[in-house]
Amino acid sequence: MTDNFYGEVLTDHNLHPLHKHDLPTATCCHEGINSTCGDDIVLNLEIKDGIIVNGSFTGSGCAISQASADIMLELVIGRTPEEARHYKELFFKMIGGEITEDELEELEEAGALQNVAKMPARVKCALLGWRTMETLLDGEGGAQ
Amino acid sequence: MSNSFTKSDFPVFDAYKSLVYLDNSATQQKPAAVLERVEKYYREENANPLRGLYDLSVKATETYENAREAVRRFLGAESTKEIVFTRNATESLNLIAYSWGRANIKAGDEILVAISEHHSDLLPWQILTKETGAELKYLECDETGRYTADSLKAALTDRTKLFCIAQISNVFGRLNPIKVFADICHANGTLIVCDGAQSVPHTAVDVKSLGVDFLVFSGHKMLAPMGIGGLYGRKELLEKMPPFLYGGEMIDTVTRCGATYAELPHKFEAGTVNAGGAAGLHAAIDYITELGFDEIERRENELTALAFSEMKKIPHVNIIGADDADDHHGILTFTVDGVHPHDIAAIFDAENIAIRAGHHCAQPLHQFLQTPSTARMSLAFYNDEEDIQRFIGVLRTLRRKMGYDG
């Protein structure tokens, strides 16, 4: 593991998240918890006419869980639930250490979390937001 | 081979040269003397103890029972009948809860547990009280982790059957006045269980002078292998208690419709025992005895004081518990403003410094302290000043690494 795995992208999204706030217009929300770490977030999505028009999260957790959720929202807002699922697949592939260069490109800033693949203890933190989104889309979001 | 009582006795530091190991409250590293003793048992003395009528089995039995005598002397118990080998402190506490608890606790009774207890000294009582209809009550401490005689007296009622508290808390590192508490409990007709997991490795413990009814410990937290630990119980209590686990080695006679059970302590040791682990525990006790608790405490207190005073100088670092290094006994639990404990541990890990982060198996305490999780460094006599300096060096840069200005 390198010394600076908490790069600027990650620390910036942790300290100054773009999407960490309440979302009164949300059409669905879901709580995700990592019980061993105490990471606990609520993900809110506003889905209209088959598009994720807005999204936010609240809660608390380590820098990796918080930055990962923030970066995820940055990627999926303005996309369809299907596209969001596609990003989720790519992100899981990246954390599993199986991603191609082109796919990594597609993930944009989320690529900053690539090193988590080498930190087994932190994988759950990085995946928390994404897993929560998956559950949410499988439920209410998927029904749209 | 003679012991140097420094890191050079511990092969793990040869294998992992840059390691700064500060997670000793979770488990301690093992000196070569302990590892060699376990290997010698399996090479030269191994047979099923307490069973065979041949030379090797007699040897294995001797090794095992000599270890029990070593534990008896180490803890100041009157008789080896009062020393039961278990896997660890957790199993010992479960033994008390299942055996003594189910025979003695009934609806309407109360069990009082200190709020800072490890989950292993909490969940067995939570389950026991739920099953029996008894009530589980908590004794709360102040924000520095201190329990007072007055608060204990106020919490005891004529229905309190048992009080459970660690001699040293694994979060605060504070040494509780067990003798005082035992006297208060006994005056009330209440028994006291003392969790010695964090105290037995670091300070001389004498069950007689403490006056406790039960005391539990884990071998792996005191240089010994994992999977061997123990329970001290007053003989009068153990004699009246039913067995905990049933099977081989714990019976006297078995017929189609019943059984009589072996004498103490074998009544509580069902199945083939961990003789190799007991041999390792014996070697660990010899090692600790040769070094001596005066020297262990001198070294650990000096390192604790150094770490404590350096940590106090770093802005945004908050130490949980007492404001006096002497009350920490090698355990410094802390938070860093704006940095989650898992990120703290990851940054230390990147520098090969092992610390713990999370709730340290004490979630009710963290709820009480209103902090979801904390980081903890815990040291042992084999740590040195350089370990502390490296720890402090990383702690100083931590907030900057997380994107703060200072």
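Predicted model only: the values in this text are computed from it and were never measured. (Residues numbered from 1 in each chain as written. Chains lettered and ligands numbered in written order. Predicted model: local features only at pLDDT ≥ 70, side-chain atom pairs only at ≥ 80, totals over all residues. Heavy atoms only, no water.)

Visitor: So what about the overall build of chain A? Which residues, and what values?
Guide: In terms of regular secondary structure, chain A is built from 5 helices and 3 strands. Buried positions account for 47% of the 144 residues belonging to chain A. Across chain A, the fraction of contacts at a sequence separation of at least 24, relative to all contacts at a separation of at least 6, is 58%. Accessible surface, chain A as shown: approximately 6700 Å² in total, 48% of it carbon and sulfur. (Helix = DSSP H or I, 4+ residues; strand = E, 2+ residues; numbered from the N terminus. Buried < 20%, exposed > 50% of the residue type's maximum accessible area, 1.4 Å probe, protein only. Contact = heavy atoms within 4.5 Å. Areas by Shrake-Rupley, 256 points an atom, 1.4 Å probe, with all protein chains shown as cover.)

Visitor: Tell me what's going on with the nonpolar core, and back it up with residues and numbers.
Guide: Counting 75 residues, the largest nonpolar core has A:I64, A:F91, B:F334, B:F348, B:I355, B:F391 and B:L395 as the members making the most contacts within it. With 9 residues, the single largest contributor to this core is helix α2 (residues 63–76) of chain A. Apart from residues lying up to four places away in sequence, B:I355 is in contact with B:L22, B:D23, B:F334, B:I344, B:A345, B:F348, B:A375, B:R376, B:M377 and B:F391. By size, the runner-up hydrophobic cluster in this structure holds 69 residues, among which are B:A60, B:A70, B:I165 and B:I320. (Core = buried A, V, L, I, M, F, W, Y, C linked by side-chain atoms within 4.5 Å.)

Visitor: Break down empty space enclosed by the protein for me, with residues and values.
Guide: All names here are of chain B. Throughout the structure, instances matching the rule amount to 3 cavities of 30 Å³ or more. Taken as a whole, the largest cavity spans an internal volume of roughly 50 Å³. Lining the largest cavity are I168, H202, T203, E297, E300, N301, H329 and G330. Among the residues forming the lining of the largest cavity, the class breakdown is 1 nonpolar, 5 polar and 2 charged. Counting contributing residues, the lining of the largest cavity receives three or more from each of domain 1 (7–30 + 292–401) and domain 2 (35–288). (1 Å grid on protein atoms, 1.4 Å probe; cavity = no way out; pocket = protein on both sides within 12 Å on 5 of 7 lines; lining within 4 Å. Points joined across faces, edges and corners; volume = space filled by probe spheres on them. Nonpolar A, V, L, I, M, F, W, Y, C, P; charged D, E, K, R; others polar. Domains from an automatic or database assignment.)

Visitor: Just give me the short version of the packing of helix α2 (residues 32–45) of chain B against helix α3 (residues 55–75) of chain B, but keep the residues and values in it.
Guide: Residues and elements named next belong to chain B. Here α2 crosses α3 at 160°, and the two axes come no closer than 10 Å. By the angle class used here, α2 and α3 are roughly antiparallel. Contacts between α2 and α3 involve R37, Y41, E44 and E45 from the former and L56, K59, A60 and T63 from the latter. In terms of residue class, the contact of α2 with α3 is built from 3 nonpolar, 1 polar and 4 charged. (Axes fitted to C-alpha atoms, helices over the stretch in contact; angles between N-to-C directions. Parallel < 35°, antiparallel > 145°, perpendicular 65-115°, else oblique.)

Visitor: Tell me about the domain arrangement of chain B, and please be specific about residues and values.
Guide: All names here are of chain B. Taken as a whole, chain B is organised into domain 1 (7–30 + 292–401) and domain 2 (35–288). On a C-alpha basis, the centroid separation for the pair domain 1 and domain 2 is 28 Å. Counting residues at the interface gives 36 residues for domain 1 and 35 residues for domain 2. With both chains or domains summed, domain 1 and domain 2 bury close to 3000 Å², and 59% of this area falls on carbon and sulfur atoms. When residues of domain 1 are sorted by the area they lose upon contact with domain 2, K30, F293 and F368 head the list and together hold 21% of the total. Of the charged contacts, one joins R174 and D327 as a salt bridge, the two residues approaching to 3.7 Å between their closest N and O atoms. Applying the counting rule to domain 1 against domain 2 returns 21 residue pairs in polar contact (both at pLDDT 80 or more). (Buried area = accessible area lost by both parts, 1.4 Å probe. Salt bridge = Lys/Arg side-chain N within 4 Å of Asp/Glu carboxyl O. Polar contact = N/O pair within 3.5 Å; in protein donor to acceptor, adjacent residues only side chain to side chain.)

Visitor: Requested: an account of the pattern of salt bridges, with residues and values cited.
Guide: Charged atoms that come close allow side chains of opposite charge to pair. Under the criterion given, the structure shown has 37 salt bridges over all chains. Between A:R122 and B:D343 there is a salt bridge, and its shortest N-O distance comes to 2.8 Å. In this pair, A:R122 sits in the loop between α4 (101–106) and α5 (123–143) while B:D343 sits in helix α12 (residues 341–350), so the two residues belong to two different chains. Assigned by exposure class, A:R122 and B:D343 land together as buried. Across the pair B:E236 and B:R234 runs a salt bridge whose closest N-O atoms are separated by 2.7 Å. Salt bridges sharing partners connect three or more residues here, namely B:R37, B:K40, B:E44 and B:E45.

Visitor: Talk me through the packing of aromatic side chains; I want residue IDs and the actual numbers.
Guide: Inspection of every chain in the model, using the stated rule, returns 17 aromatic pairs over all chains. Between B:F10 and B:Y382, the ring centres sit 4.3 Å apart and the planes meet at 45°, which makes this aromatic pair tilted. A residue pair is termed long-range when its members are at least 10 positions apart, and B:F10 in the segment before α1 (12–15) and B:Y382 in the loop between β15 (374–378) and α14 (385–401) qualify at 372 residues. You can call B:Y382 buried: its relative accessible area is 2%. Note on B:Y41 and B:Y42: the rings are 4.9 Å apart at their centroids and 80° apart in plane angle, and the pair reads as edge-to-face. Given a relative accessible area of 2%, B:Y41 falls into the buried group. A connected cluster of aromatic rings, assembled from ring pairs, spans B:F5, B:F10, B:F13, B:Y287, B:F381 and B:Y382. The cationic tip of A:K88 hangs over the ring face of A:F92; the distance from NZ or CZ to the ring centre is 4.4 Å. The ring of B:Y98 carries B:R102 above its face, with NZ or CZ at 4.0 Å from the centroid. (Phe/Tyr/Trp six-rings, centres within 6.5 Å; stacked < 30°, edge-to-face > 60°. Lys NZ or Arg CZ within 6 Å of the ring centre and 35° of its normal.)

Visitor: Can you break down the interface of chain A and chain B residue by residue, with the values?
Guide: Taken residue by residue, the interface counts 17 residues in chain A and 14 residues in chain B. The junction of chain A with chain B conceals about 1200 Å² of combined surface from both sides, 57% of it contributed by carbon and sulfur atoms. Across the contact surface, chain A and chain B share 4 residue pairs in polar contact (both at pLDDT 80 or more). Going through the elements one at a time, α1 (8–15) and α2 of chain A are the ones with two or more residues in the side of chain A that touches chain B. Broken down by element, the residue count for the side of chain A that touches chain B peaks at 3 residues, all from α1(A). Taken together, the residues of the side of chain A that touches chain B sort by class into 8 nonpolar, 6 polar and 3 charged.

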